[in-house]
Structures are given as structure tokens and as C-alpha cells.
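What follows is the residue order along each chain.
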Amino acid sequence: MKEVGMTTAIFPGTFDPATNGHLDLIRRSARIFDKVVVAIFDNPSKRQMFSLEERLSLLQQITEGLGNVDIVSFQRQLTVALARTYQASVIVKGVRSVADFEYETQMASMNRYMDDDIETVYLTSRVEYSFVASSLVKEVASLGADVSELVPPVVFEALHKKLQSTNA
Ligand SMILES: Nc1ncnc2c1ncn2[C@@H]1O[C@H](COP(=O)(O)OP(=O)(O)OP(=O)(O)O)[C@@H](O)[C@H]1O
Ligand SMILES: [Mg+2]
């Protein structure tokens, strides 16, 4: 059962890998909500650069100082069902652009249609991370760009190891 007066938020994503944009949103959410459940989408049919275990470990390391943040994983499942599993009444979504907003508001309406008790809350990251997406970070890093200011240090290190092993 949900603890009285306690608001849990769920923050779902692929986190392949986590970026400073993600971390910024997790920190902001942790200040607003009593508990934040970061839920990593484990999609075995889609090729990811980092395994579920690696994504989990990186997220755990970068959120170590945040006592009210938990990292979990999930497979093909409705976000509203996932929210109910963790007694979360809020789904946190990040919006970077009008395109994100358009997609996310449609998604939020569908989620509300399925479960009117769960609210979607949109957050923006710091302006300097507003263009940061995992896919773009991987793409430019693989072509030699310095992404050290866009991802946490442990992720930067892991990304470089990954790129070295794939280029070898
Ligand atoms: N820089 C950012 N600013 C605000 N929100 C962000 C940022 N990066 C990611 N998010 C949000 O984090 C959540 C999880 O996103 P996701 O795992 O798809 O990351 P992503 O960076 O968009 O990766 P990909 O490029 O693989 O889609 C989404 O709600 C997304 O909008
Ligand atoms: Mg995305």
C-alpha cells in the first residue's frame, strides 16, 4: 500500500547510457518527490550499447548520493502498470523540445485514459543539457567528439572503454 502523504514518482527510460540530462532530471525529481524510482527499459529485441547490468550499475553509481532514488528495470509493460507496481502516482518525463512535448502530451493523454489517478509531470533539464540525448552522445563520441561535459565521469569512462573495444 501507498504510505500516507508520501508521493512516489517513476522516471522511465532506456538510459543507454545515462547522461547529464538524465542525472539533472533525477536530481530535480528527488527534490520534489519523496521517492523516485528510475525504471530502465530492458528491451532484449533492441540492440543497446550497454547491457541492462551495465546501465543499472552506471545509474546506481551516479545516484549514490541520492537517498530517495531507487533503480529498477522492467520489460515490455505499460508505464501505468509499472507505476502501480511501485505505488507511484506520478510519471516524470523530460522535455527537451517541441517534438518531445508533442509526443509526451499524446502519451500522457493515453496514460490518463488508462489510469486517471496517475499524473504525468514534465521537467526540463538545465539549458546546457537541453540538446543531450543518449543516442546523439553515442553517435558523436563514436566519431571522436569530446562528450566529457555531457555525461557523468563514470559514464564517460565506460563509453570510452566500450568504443575502444568495438573499434579494436
Ligand atoms: N537532456 C535532457 N533533458 C530533459 N529530459 C531528458 C534529457 N535526456 C533525456 N531526457 C528524458 O529522459 C527520459 C528517458 O529518456 P531516454 O532513455 O529515451 O533517453 P534519451 O537521451 O532520449 O535517449 P535516446 O536518444 O536513446 O532516446 C525521457 O523522458 C527523456 O525525455
Ligand atoms: Mg529518447
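As annotated in an unreviewed UniProt entry, the protein chain is Phosphopantetheine adenylyltransferase from Candidatus Entotheonella gemina.

Caption draft 1: Inspection of the sheet that holds strand β1 (residues 8-13) at higher detail. Pairing in this open sheet of 5 strands is parallel, and the strands run β3-β2-β1-β4-β5 from one edge to the other. Either end of the sheet is taken by a strand with one partner, and the two such strands are β3 (69-74) and β5 (119-123). Across the sheet, the mean angle separating the axes of adjacent strands is 30 degrees when strand polarity is ignored. As judged from the 6 bridges shared by β1 and strand β2 (residues 35-41), these two strands associate in the parallel manner. Within the sheet, the bridge partner assigned to Thr8 lies in β2 and is Lys35. Contacting β1, β2, β3, β4 (90-94) and β5, helix α1 (residues 20-32) runs over the sheet at an angle of about 125 degrees to β5.

Caption draft 2: Structural view of the pairing of β3. Pairing between β2 and β3: 6 bridges, direction parallel. Opposite Phe41, over in β3, you have Phe74 as the bridge partner.

Caption draft 3: The arrangement of a nonpolar patch on the surface in detail. On the surface, Leu78, Met110, Tyr113 and Met114 cluster together into a nonpolar patch covering about 450 Å² of accessible area. Structurally, Met110 can be placed in helix α4 (residues 98-114). By relative accessible area, which is 44% here, Met110 ends up partly exposed.

Caption draft 4: Up close: the nonpolar core. In this structure, Val38 and Leu59 are the most contacted members of the largest nonpolar core, which totals 32 residues. Of all elements in the fold, only β1, α1, β2, α2 (52-62), β3, β4, α5 (134-142) and α6 (153-167) reach the threshold of two or more residues within this core. Beyond its immediate chain neighbours, meaning those up to four positions away, Leu59 contacts Phe15, Ala18, Ile26, Val38, Ile40 and Ile71. Judged by nonpolar contacts, the second largest core, of 11 residues, contains Phe74, Val80, Leu82 and Ile118.

Caption draft 5: Local environment of α1. Across its 13 residues, α1 extends 18 Å between first and last C-alpha, which sits within 8% of the 18 Å expected from 1.5 Å per residue. For α1, the set of buried residues is Asn20, Gly21, His22, Leu23, Asp24, Leu25, Ile26, Ser29 and Ala30. For α1, the N-terminal cap is Thr19; the gap from its side-chain oxygen to the backbone nitrogen of Gly21 is 3.1 Å.

Caption draft 6: Geometry of unusual backbone geometry. Across the junction of Asp16 and Pro17, the peptide omega takes the value -5 degrees, indicating a cis bond. Relative to the helices and strands, Pro17 is located in the loop between β1 and α1. A positive phi angle is found at Phe15, which is not glycine, with a value near 50 degrees. Position of Phe15 among the secondary structure elements: in the loop between β1 and α1. A relative accessible area of 2% places Phe15 in the buried class.

What counts, and at which threshold
- Residues numbered from 1 in each chain as written.
- Chains lettered and ligands numbered in written order.
- Predicted model: local features only at pLDDT ≥ 70, side-chain atom pairs only at ≥ 80, totals over all residues.
- Heavy atoms only, no water.
- Pairing = 2+ DSSP bridges.
- Helix = DSSP H or I, 4+ residues; strand = E, 2+ residues; numbered from the N terminus.
- Axes fitted to C-alpha atoms, helices over the stretch in contact; angles between N-to-C directions.
- Contact = heavy atoms within 4.5 Å.
- Patch = residues over 30% accessible without salt bridge, like charges linked within 9 Å, V, L, I, M, F, W, Y side chains within 5 Å.
- Areas by Shrake-Rupley, 256 points an atom, 1.4 Å probe, with all protein chains shown as cover.
- Salt bridge = Lys/Arg side-chain N within 4 Å of Asp/Glu carboxyl O.
- Buried < 20%, exposed > 50% of the residue type's maximum accessible area, 1.4 Å probe, protein only.
- Core = buried A, V, L, I, M, F, W, Y, C linked by side-chain atoms within 4.5 Å.
- Expected span 1.5 Å × (residues − 1).
- Polar contact = N/O pair within 3.5 Å; in protein donor to acceptor, adjacent residues only side chain to side chain.

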